[in-house]
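Residues per chain, in single letters:
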Amino acid sequence: MRNGKLTAAAIAASMGLLLSACGSGSSSEEGFSAPVAENPSFEQGTTMAEYADSGEITIGTKKDQPLFGLENLNGEMQGFDVAIGEIIAGKLGIPADKINWKETPSKNRELYIEQGKVDMVVATYTINDKRAERVTFAGPYYEAGQDLMVKQDNNSITGPESLRDSDAKVCSARGSTPSERIREYIDPSRLVLFDTYSKCADALRNGQAQAVTTDNSILMGLVSESENKFKVVGNTFSEEPYGIGIAKGDTDFCQFINESLRTAAENGTYQEAWNSTAGKVSEKTPELPELQSCG
Amino acid sequence: MQVLIDNYHLYLRGLGTTLQICLYAGLLTLVVGTFIAGCRVAPLTPLRAFGTAWVTVFRNCPLAVVLFFMAFGIPALGINASYFVFGTIGLALYTSAFVCEAIRSGINAVSPGQAEAARSVGLGFGQTLRLVILPQAVRSIVPPLGSVMIAMIKNSAIAGAFGIGGDLYAVGIRQSSAQGEEIIPVLLGVALGYLIITIPAGLLLGYVERKVAIAR
Amino acid sequence: MSDSVLYEAPGPRARLRARYASVITGLVLLAVFGWVIYRLAQGGEFTYEKWGPLIDPTNESFTPLWTLLGKGLGNTLLAAGWSILFSLVIGTVLALTRVTAAAWYRWAVVGVIELLRGTPVVVLIFFAYQALPVMGLDLPVMWSLVIGLTAYNCVIIAEIVRAGIDSLPKGQSEAAYAVGMRRGQVMFNVLLPQAFRAMLPALISQLVVVLKDTSLGFTISYPEFVQRGETAIENLGNPIQLYLFIALIFIVINYTLSKLAVYTERRLSRGRKSSATAEPESAATTGD
């Protein structure tokens, strides 16, 4: 019994030590803060006025995409998508800490917008016609393309065509569009599917797969985490303009977002957002792509 | 429902892959499970400890975690194989703990007098087990073992998330997520595929159970 | 039958042989274990970078990591708790109505039970997550997991309850009827309380199953233990270490629960040796 008490006391003591030892653990800010407009005024009845008045906005994003939308250990959101969301929220007078980030897996993006679960979606969201039937897209704010990632010393895989006659295994995320497109080049038996791309990176590292395929934006993040053991082939074989999804037919809000993006590109906020997130691993800063009309 | 009719060949192929996984995993798990059960009743302490540790680990660990170690832990040791092999082995190892317990409880159900009689005519441990105990234990092993196997068939759906792809559940995920088909018919099709296997298996098991039931 | 019945009490020579054999098997097992450690070390899996956040309190990631995982474990326990509770309630209702109700209803119940039992739990969870919103039932993600797990486990619990009631001696209900109780009273005042006692070990074992299955929450991104682990891995890049930790925690919790089940079983069967305690084939023994 006495022994038991002693151990308990020892544990309590070491716990105290433990607690005192780690007071300042949360200092991983991403170094980007979007300018917040003070008391912006909007026409009554518009979506902008609604959000600005409530002082809050719910943005759908992904939480497992390094460099674009990633939740860190402290539960904070980081990445280029997140920064773009903050820029637009800032234009509405909403500071970053008033944004509710809602995890929005690819499959649910249209559904969440239609149901009003989220006010807008910034989630490596490729604009295409099928999706545009259900939601309205602002942007694009970034042009990605499907590419391949291989080990640094691999020179035989140079693009999707080079996969045809090889026996390389290619990894992608299950249920994803890139995993469908790569089927045009390889036999399904050579396709390896996991639920996250970081698992694909592990498969590449230990030789279980010879290439990983998805949007180059995501691959860049994986390369940066690999300490340059991997490289992106740099031969994109699709166009993935990332847009911002909002409720179908909300032309005013769409134009407002486009205007915000244009301003951000002009005053350097856009570049700053890039440089403090995805730009950390990419040499060139992208220009804001030509924006689509809001229809 | 049109999606099921149009793509029935995909679902059939998925069903085929699922059956393939289950066949290999089923055979392997019987071998491993029997071996571990042997360890657990063996006269050597390290073997017994090994058997107990094996069962404790695989019974209490979620299958997803076991499969993770197969897909990423084993390659980290420098051993490479296809994910189909890893997934099938992972499923078999997980199930082997339950196979082992089914066999062990079957062994325990045989009356001690049988073992005593076997020993008194001079049979050793291996002979006692092989010639006297196991043949009698089979009838009380079959019913729980059948349930274990049916559970394994259902668990194979999880193996699809670890690189295998192409099994029935993976087909459903692909159809609904990547190809944007209506979710409800797709999932009903997937469920139907599993039910085609599990319900007849359950009926068969019930029949066998009645056949081998020990009249006491 | 105790294990020792299978072999003779060893004599001096057999003891010696057994000792040699023990040492050899022990060495073989150790060698395999050592090889695994060696290969992992070669692969750089024992570096401070990979273990520090998990074991070193002064590491800057230590506190956030443990907070994150702690919350994940909390969510796992929460979802498992709700699931077992709902399963218990619905399972009991299913079991009771199956015994008492009209024939067509019994058949309907049997049909539902077979359908739910024959479908993989991961499909049911995915269905609850993806299909219910389409059907207009929009719930937080935890409830998708709870609904999926409940759908799967309530029918197993229904079987446990039924077996529990069946295991009671007929005299119990006969005596209750004899003193003038009605059917409902017999069920709720006499049979169920005793049946639950007999079922307790099986129910605890089922909790192990539910707890393991909550890990499938990662397929629908419910922030449970494994999913939080995945988030940590995205940040720290140490999958093997974190999964070892996750496995360890699961094993400790579930092992404790299994021991608890055995303990309750012993306690309950003590003193009434004659009536064999109900041992319905629980799913925990099949890996369901």
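The rules behind the values
- Residues numbered from 1 in each chain as written.
- Chains lettered and ligands numbered in written order.
- Predicted model: local features only at pLDDT ≥ 70, side-chain atom pairs only at ≥ 80, totals over all residues.
- Heavy atoms only, no water.
- UniProt positions renumbered as here; feature names shortened; annotations may be inferred.
- Phe/Tyr/Trp six-rings, centres within 6.5 Å; stacked < 30°, edge-to-face > 60°.
- Helix = DSSP H or I, 4+ residues; strand = E, 2+ residues; numbered from the N terminus.
- Buried < 20%, exposed > 50% of the residue type's maximum accessible area, 1.4 Å probe, protein only.
- Contact = heavy atoms within 4.5 Å.
- Buried area = accessible area lost by both parts, 1.4 Å probe.
- Salt bridge = Lys/Arg side-chain N within 4 Å of Asp/Glu carboxyl O.
- Polar contact = N/O pair within 3.5 Å; in protein donor to acceptor, adjacent residues only side chain to side chain.
- Nonpolar A, V, L, I, M, F, W, Y, C, P; charged D, E, K, R; others polar.

Named according to an unreviewed UniProt entry, chain C is Glutamate transport system permease protein originating from Actinopolyspora alba. Under the UniProt heading Sequence similarities (unreviewed entry), the entry covering chain C gives this text: "Belongs to the binding-protein-dependent transport system permease family." Quoted verbatim from the Subcellular location (unreviewed entry) field of the UniProt record, the comment on chain C reads "Cell membrane".

Looking at an unreviewed UniProt entry, chain B carries the name Glutamate transport system permease protein, with the source organism given as Actinopolyspora alba. UniProt's Subcellular location (unreviewed entry) comment on chain B is quoted here verbatim: "Cell membrane". On record in UniProt, under Sequence similarities (unreviewed entry), the comment for chain B is "Belongs to the binding-protein-dependent transport system permease family. HisMQ subfamily."

Engineer: Help me understand the packing of aromatic side chains in this model?
Structural biologist: Within a pair of aromatic rings, the relevant descriptors are the distance that separates the centres and the angle that separates the planes. Residue and element names in this part refer to chain A. Under the definition given, this model contains 34 aromatic pairs over all chains. Measuring from centroid to centroid gives 5.5 Å for tyrosine 185 and phenylalanine 237, while their planes differ by 80 degrees, and the two rings are edge-to-face. One end of the pair, tyrosine 185, is in the loop between helix H7 (177-181) and strand S10 (191-194); the other, phenylalanine 237, is in the loop between strand S12 (230-232) and strand S13 (240-247), and 52 residues separate them in sequence. Classification of tyrosine 185 as buried rests on a relative accessible area of 15%. Under the relative-accessibility criterion, phenylalanine 237 is labelled buried at 16%.

Engineer: How should the interface of chain C and chain A be read in this particular structure?
Structural biologist: Much of the literature gives interface size as the accessible area that the parts lose upon coming together. Between chain C and chain A, the contact holds 26 residues from the first and 27 residues from the second. Between chain C and chain A, the buried area comes to about 2000 Å², and carbon and sulfur atoms account for 48% of it. Looking at the side of chain C facing chain A, the largest losses of area belong to Pro64, Glu234 and Asn235 of chain C, adding up to 28% of the total buried there. Applying the counting rule to chain C against chain A returns 2 salt bridges. For lysine 199 of chain A, the salt bridge is made with glutamate 230 of chain C, and the minimal N-O distance between the two is 2.9 Å. At the surface where chain C touches chain A, the tally comes to 4 residue pairs in polar contact (both at pLDDT 80 or more). The set of elements that each furnish at least two residues to the side of chain C that touches chain A consists of helix H3 (62-100), helix H5 (121-134), helix H9 (225-236) and helix H10 (239-269) of chain C. A total of 8 residues in the side of chain C that touches chain A trace back to one element, the largest contributor, which is H9 of chain C. Residues that form the side of chain C that touches chain A fall into these classes: 12 nonpolar, 8 polar and 6 charged.

Engineer: Explain the interface of chain C and chain B to me, please; I cannot follow it from the model alone.
Structural biologist: The interface is formed by 55 residues belonging to chain C together with 61 residues belonging to chain B. A combined buried area of about 5000 Å² lies between chain C and chain B, and 72% of that area is made up of carbon and sulfur atoms. At the boundary of chain C and chain B, one finds 0 salt bridges. Taken together, the connections running from chain C to chain B amount to 7 residue pairs in polar contact (both at pLDDT 80 or more). Contributing elements (two or more residues each) for the side of chain C that touches chain B: helix H1 (12-42), helix H4 (103-118), H5, helix H8 (183-213) and H10 of chain C. Examining the composition of the side of chain C that touches chain B, we find that 11 residues originate from one element, H10 of chain C, more than from any other.

Engineer: Would you mind showing me how to read the UniProt feature "transmembrane region" (unreviewed entry) in chain C here?
Structural biologist: Residue and element names in this part refer to chain C. This chain's UniProt record puts "transmembrane region" (unreviewed entry) on residues 20-38, 76-96, 108-129, 141-165, 186-209 and 242-263. Regarding residues 141-165, the helix share stands at 100% and the strand share at 0%, and the terminal C-alpha atoms are separated by 35 Å. Measuring from the first to the last C-alpha atom of residues 186-209 gives 31 Å, for a span that is 100% helix and 0% strand.

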